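Spelled out from the first residue to the last, the chains are:
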Amino acid sequence: MKKIVLLTGCFTLLLFGFSFSQTEEGAYLNVDYLKVEEENYSEFEELIQSNWKSLYESKIDEEKVTGWYFYRVAYPGGQAGKYNYVVISTYNELNTIVEVNGDMRGRLSQMPEDLTGEMFNLATYQFSELWGTEAGIMNTAGQKPGLFVVMNYMMVNPGKEAEYITLENDLARPLHRARIENGEMYSWRTYSLLKPGGLNYQYNFVTADYYEELNDIEYGFTNDIIRSVMPGTDITKMFEAIYATRDIVKSELWQLVDHLE
């Protein structure tokens, strides 16, 4: 099995963060997906918080890493999914990711074998992704990320990427802003997949909807909020324009376990 030991460049071991999570405009996210057996959930979370989390504290102090986020995948849950934990670290520049990953590998090689061995026994590294921020609304009133995030993975049709981002900015942004102002959402982001990619990859964009209350995930773009924010809008044509650019491949609910900012 591909135990986390491979975490050389992507996973830079974790462990880090994607609120996918709340990042500045233009930020980059290094996202690691991990699989942990159900009976090891508590032990794994304790190990990450008591040992691996500290690896990123100094990088945040040095302003090389802008954030670190540790998520448990709530839905899909159980052992059926390919991963059930996600760690994300956020950066202002792509070059910094390479620098930080190299430094982490060096620090990991100096750690006690029993500690690194325990990590490798608890979690299996699945894969990593590199994302770039395309649009979003930060909740500047809060001092922490939203407790829950709904990750909507999209396949945007070839040649429709610019149109899709325009729709997110021109249509989705004002609607999400109204939901945030109404207290129905915490923050919102749209990310584009930088690597890996290709025709065989199932998605190339993701929208992240952040919430403090799980009850709020039920309420999306209702007719009432569309009419209040965009009076006179032909709602049917609006959704037809959106659907013409992309398909939702899957939607997941993640719960924040811990973070650094």
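Residues numbered from 1 in each chain as written. Predicted model: local features only at pLDDT ≥ 70, side-chain atom pairs only at ≥ 80, totals over all residues. Heavy atoms only, no water.

A. Main features of the pairing of strand E8 (residues 246–260). Two elements, strand E2 (residues 67–75) and E8, share 7 bridges in a ladder whose sense is antiparallel. From the neighbouring strand, Tyr69 faces E8, where its bridge partner is His259. Alignment of strand E5 (residues 148–156) against E8, held across 9 bridges, turns out to be antiparallel. For Val156, the partnering residue across the bridge sits in E8 and is Arg246. (Pairing = 2+ DSSP bridges. Helix = DSSP H or I, 4+ residues; strand = E, 2+ residues; numbered from the N terminus.)

B. Layout of the side chain of Thr245. Examined against the element boundaries, Thr245 turns out to sit in the loop between helix H7 (235–243) and E8. A polar contact is formed between the side chain of Thr245 and the backbone oxygen of Ile242, at a distance of 2.7 Å. For Thr245, the residues in contact, after removing those within four places along its chain, are Met155, Val156, Asn157, Lys160, Glu163, Tyr164 and Leu167. (Polar contact = N/O pair within 3.5 Å; in protein donor to acceptor, adjacent residues only side chain to side chain. Contact = heavy atoms within 4.5 Å.)

C. Just the pairing of E2, in detail. Across 6 bridges, E2 lies against strand E3 (residues 85–91) in antiparallel orientation. Each bridged residue has a counterpart across the sheet, and for Tyr71 the counterpart in E3 is Val86.

D. Representation of the packing of aromatic side chains within the structure. All chains considered together, the criterion is met by 14 aromatic pairs. Each residue in the set Tyr41, Phe44, Trp68, Phe70 and Tyr85 is aromatic and connected to the rest through ring pairs, giving one cluster. The ring of Tyr153 has Lys250 lying over it, and the distance from NZ or CZ to the ring centre is 4.6 Å. (Phe/Tyr/Trp six-rings, centres within 6.5 Å; stacked < 30°, edge-to-face > 60°. Lys NZ or Arg CZ within 6 Å of the ring centre and 35° of its normal.)

E. Region of the structure containing the sheet that holds E5. Reading around the barrel, the 8 strands line up as E1-E3-E2-E8-E5-E7-E6-E4 and close back on themselves, with antiparallel pairing between neighbours. Strand-to-strand twist across the sheet, computed as the mean angle between neighbouring axes with direction ignored, equals 35 degrees. (Axes fitted to C-alpha atoms, helices over the stretch in contact; angles between N-to-C directions.)

Honestly, that's just the spatial picture; any functional story needs more than this.
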